[in-house]
Amino acid sequence: MSQQMQGQPMIIMGDDAERMKDKSAQEHNIAAARAVAESVRSTLGPKGMDKMLVTSLGDIVVTNDGVTILEEMDIDNPTAEMIVEVAETQEDEAGDGTTTAVAIAGELLKNAEELLDQDIHPTAIIKGFNLAAEQARKEVDNITIDVDGDDRETFRKVAQTSMTGKGAEQHKEDLSDLIVDAADAVTVEAEDGSTIVDLAFLKVETQTGRGAGDSELLEGAVIDKDPVHEEMPSDLDDASILVIDEPLELDEAEADTQVSVTDPNQLQDFIEQEEQELREKVDQIVDLGVDAVVCQKGIDDMVQHYLAKEGILGLKRVKRSDVEFLREIIGADVVSNLDTATEDHLGTGTFRRDDDEELFYIEGTDDYSHGVTLLLRGSTEHVVDELERGVEDALDVVGTAMSRGEALPGGGAPEVEVAARLREFADGVSGREQLAVEAYADALDVVPRVLSENAGLDSIDTLVDLRAAHSEGKEQAGLNVFSGEIEDTFEAGVVETPSAKKQALTSASEAANLVLKIDDIIESGESDEDGGPGGAGGMGGMGGGMGGMM
Ligand SMILES: Nc1ncnc2c1ncn2[C@@H]1O[C@H](COP(=O)(O)OP(=O)(O)O)[C@@H](O)[C@H]1O
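Residues numbered from 1 in each chain as written. Predicted model: local features only at pLDDT ≥ 70, side-chain atom pairs only at ≥ 80, totals over all residues. Heavy atoms only, no water.

Enquirer: Could you give an account of the environment of Gly 411, naming the residues involved and the relevant values?
Expert: Relative to the helices and strands, Gly 411 is located in the loop between β16 (406-409) and α13 (413-427). Separated by 256 residues in the primary sequence, Gly 411 and Phe 155 have C-alpha atoms spaced 17 Å apart. The residues contacting Gly 411, other than those within four sequence positions of it, are Leu 451, Gly 478, Leu 479, Thr 489, Val 494 and Glu 496. (Helix = DSSP H or I, 4+ residues; strand = E, 2+ residues; numbered from the N terminus. Contact = heavy atoms within 4.5 Å.)

Here you go:
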């Protein structure tokens, strides 16, 4: 029996299957992944450019947000998709640093390619990258600056740095105040006695119509709904509130029933019976002592009418996320079956209608509620969407920074410092992994280099000056792109967070390693009419979802 048949899997391909192995597979993958990384690099930093994304349906998104760009790009190359996943993980875990993570991943792969050309085995590179990433995270801890939990000014800077270069930047003064207030408002004591910012008690809502300067932080929840009947009350104090996720309508089965009537009285009976059932639902609600009903599903016209007659406010088709949040605010249980509802399920709160009669403001009682809503306003959908992306990211980073009481200088300062320390660390690493650790250190330079490039500065000068400053012991020296100077960026108000930075280092090396691990690409010929690997379709490149990108 041949060796292969004794347990190694054998791959059988059709005649027209395409295959790439080892070097060419790696080169192909690295090229695809780097292409993606390079497409978002130019958005890095406050002077980064925006991208205009045009979807196949003609929708336009203008953004500077790495993850949004990559998600909209509709990439159908499996390795390139790995890079998109880096961005998504980074966004989920840290809320910020997506472009940084992707840029570093791209640079790691570029440097890995040079090592592969020197016939260094991918396994050694991967091992070296892992070593370096672990050490880099430790070094980030070593250069972390402790910040007092009530040092508002520093956290405002964290928020502003995060928003810089994004759509929210124009209003960063006002918004950073709101963000820090919001994080403060949802600071709770954890079981171990420490304080944490719990963003579950915070909801971001958007509204078009007014300027971003009119954004505000509100106690409680905001619901963008009209009362279901114009004769319903809209301002209620101390209201008993029923939150329900079943429709206040006839059962679907009943509504669809076909009845054959033989005389008109039968029809009349039937209608009366239906009306009676709907009336009973309202009676049940009245008996519970309810003042307002918030329903996730529909409310029948007849029920709307009876509720209005009883002076009860009704809101229908309220979003699931609003229902979940409201429940926290007013201390209600969501009822799924009216027949089993009791007074204990009800919540308590006040309802207020805004002057424009568009929104309901709902507050809980003092002894229960601790939720707040950050209401972002902007002139158009595009504006509020971009505002929301920027503010959500900033909230994540500020929340973590406040919970942990830590920060870092920005503008490439941590990258240059960590790279220098990694080069020292590399001296103690033996074998070929040493070269990979050095390659990792060099890859970190991409951050100050691209920040500088994007600001129209000379990136070589910047890097030389930065390295010189760090070798003189100036750990916080970074590039401030607004002044164009190398300075203590923490003092200059460019403040980042260690958690996002560490996550970016992890995500970047994980992605690079995933791409490097692949040494064989086998593509079945069946569904690929455009040719094999590297051809126009298949593994070739980016899909057709995106019509244009500028
Ligand atoms: N005024 C500034 N000068 C230099 N760098 C800055 C400044 N403000 C922010 N940065 C840097 O921009 C980078 C973040 O850019 P950004 O486009 O938001 O990408 P990411 O998606 O990685 O957060 C960070 O390295 C940060 O330190």
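After that view of the structure, there is still more to cover.
Enquirer: Before we move on, can you summarise the domain arrangement of the chain with the specific residues and values?
Expert: For the chain, the assigned domains read domain 1 (13-145 + 409-549), domain 2 (148-220 + 374-404) and domain 3 (222-252 + 263-368). Across the boundary between the two partners, domain 1 contributes 23 residues, which contact 18 residues of domain 2. Taking both partners together, domain 1 and domain 2 bury about 1500 Å²; carbon and sulfur atoms supply 53% of that area. At the junction of domain 1 and domain 2, the tally comes to 0 salt bridges. Tallied by class, residues from the side of domain 1 that touches domain 2 come to 10 nonpolar, 8 polar and 5 charged. (Domains from an automatic or database assignment. Buried area = accessible area lost by both parts, 1.4 Å probe. Salt bridge = Lys/Arg side-chain N within 4 Å of Asp/Glu carboxyl O. Nonpolar A, V, L, I, M, F, W, Y, C, P; charged D, E, K, R; others polar.)

Enquirer: Describe the site of the ligand, naming the residues involved and giving the relevant values.
Expert: As a structural note, the neighbourhood of the ligand is formed by 19 residues, with Asp 96, Thr 100, Gly 411, Leu 479 and Glu 496 the closest of them. A distance of 2.6 Å separates an oxygen atom of the ligand from a polar atom in the side chain of Thr 100. Against a free-state accessible area of 570 Å², the protein chains account for coverage of 96% of the ligand. A class-by-class count of the residues in the shell around the ligand yields 7 nonpolar, 10 polar and 2 charged. (Near = heavy atom within 4 Å. Polar contact = N/O pair within 3.5 Å; in protein donor to acceptor, adjacent residues only side chain to side chain. Areas by Shrake-Rupley, 256 points an atom, 1.4 Å probe, with all protein chains shown as cover.)

Enquirer: Talk me through a nonpolar patch on the surface; I want residue IDs and the actual numbers.
Expert: A cluster of nonpolar side chains, Val 261, Leu 267 and Ile 271, forms an exposed patch at the surface whose accessible area comes to about 230 Å². Of note, Ile 271 is situated in helix α9 (residues 264-287). With a relative accessible area of 39%, Ile 271 lands in the partly exposed category. (Patch = residues over 30% accessible without salt bridge, like charges linked within 9 Å, V, L, I, M, F, W, Y side chains within 5 Å. Buried < 20%, exposed > 50% of the residue type's maximum accessible area, 1.4 Å probe, protein only.)

Enquirer: Pulling in residues and values, what's your account of the pattern of salt bridges?
Expert: Counted according to the given criterion, the structure contains 35 salt bridges. Between Arg 279 and Asp 283 there is a salt bridge; the shortest N-O distance is 2.8 Å. With Arg 279 and Asp 283 both in helix α9 and 4 residues apart, the pair spans about one turn of that helix. The class for Asp 283 is partly exposed, based on a relative accessible area of 30%.

Enquirer: Could you give an account of the packing of helix α5 (residues 122-143) against α13, naming the residues involved and the relevant values?
Expert: Relative placement of two packed helices is described by the angle separating their axes and the distance separating the axes. Relative to each other, α5 and α13 sit at 125 degrees, their axes nearing to 9 Å. Relative to α13, the element α5 lies oblique. The handedness of the crossing between α5 and α13 comes out as right-handed. Along the contact surface, α5 presents Leu 131, Ala 132, Gln 135, Ala 136, Glu 139, Val 140, Asn 142 and Ile 143, while α13 presents Pro 414, Glu 417, Val 418, Arg 421, Leu 422 and Phe 425. Considered class by class, the residues forming the contact of α5 with α13 number 9 nonpolar, 2 polar and 3 charged. (Axes fitted to C-alpha atoms, helices over the stretch in contact; angles between N-to-C directions. Parallel < 35°, antiparallel > 145°, perpendicular 65-115°, else oblique. Left-handed = near helix turned anticlockwise from the far one by under 90°.)

Enquirer: Give me the lowdown on a negative patch on the surface, citing residues and values where you can.
Expert: Together, Asp 59, Glu 71, Glu 72, Asp 92 and Glu 93 make up a region of like negative charge exposed at the surface. For the negative patch, the elements supplying multiple residues, two or more each, are α2 (66-72) and α3 (78-93). Mapped onto the elements of the fold, Glu 71 is located in helix α2. (Lys, Arg positive; Asp, Glu negative; His and termini not counted. Charge placed at Lys NZ, Arg CZ, Asp CG, Glu CD.)

Enquirer: Can you break down the sheet that holds strand β14 (residues 360-364) residue by residue, with the values?
Expert: The strand order β9-β14-β13-β10-β11-β12 describes an open sheet built from 6 strands, whose pairing is mixed. Taken across any chain shown, the strands that pair with only one partner, and hence form the sheet edges, are β9 (221-223) and β12 (313-315). For this sheet, the mean inter-axis angle between neighbouring strands, taken without regard to orientation, is 35 degrees. (Pairing = 2+ DSSP bridges.)

Enquirer: Account for the packing of aromatic side chains, naming residues and giving values.
Expert: Per the stated rule, a full pass over the model turns up 2 aromatic pairs. Summarising the aromatic geometry, the rings of Phe 351 and Phe 360 are spaced 5.9 Å apart at their centres and angled 80 degrees between planes, so their arrangement reads as edge-to-face. The residue whose ring lies beneath Arg 279 is Tyr 306, and the NZ or CZ to ring-centre distance is 4.6 Å. One residue, Arg 353, lies across the ring of Phe 360, its end atom 4.6 Å from the ring centre. (Phe/Tyr/Trp six-rings, centres within 6.5 Å; stacked < 30°, edge-to-face > 60°. Lys NZ or Arg CZ within 6 Å of the ring centre and 35° of its normal.)

Enquirer: Tell me about the sheet that holds strand β8 (residues 216-219), and please be specific about residues and values.
Expert: The 3 strands are arranged β7-β15-β8 in an open sheet whose pairing can be described as mixed. Only two strands of the sheet have a single partner each, and these edge strands are β7 (202-208) and β8. The average undirected angle you get between the axes of adjacent strands in this sheet is 25 degrees. Note that β7 and strand β15 (residues 372-378) share 7 bridges and pair parallel. Within the sheet, the bridge partner assigned to Leu 202 lies in β15 and is Val 372. In this fold helix α11 (residues 320-330) packs onto β7 and β15, with an angle of close to 135 degrees to the strand it touches most, β7. The strands touched by helix α12 (residues 381-404) within the sheet are β7 and β15, with β15 carrying the most contacts at an inclination of about 140 degrees.

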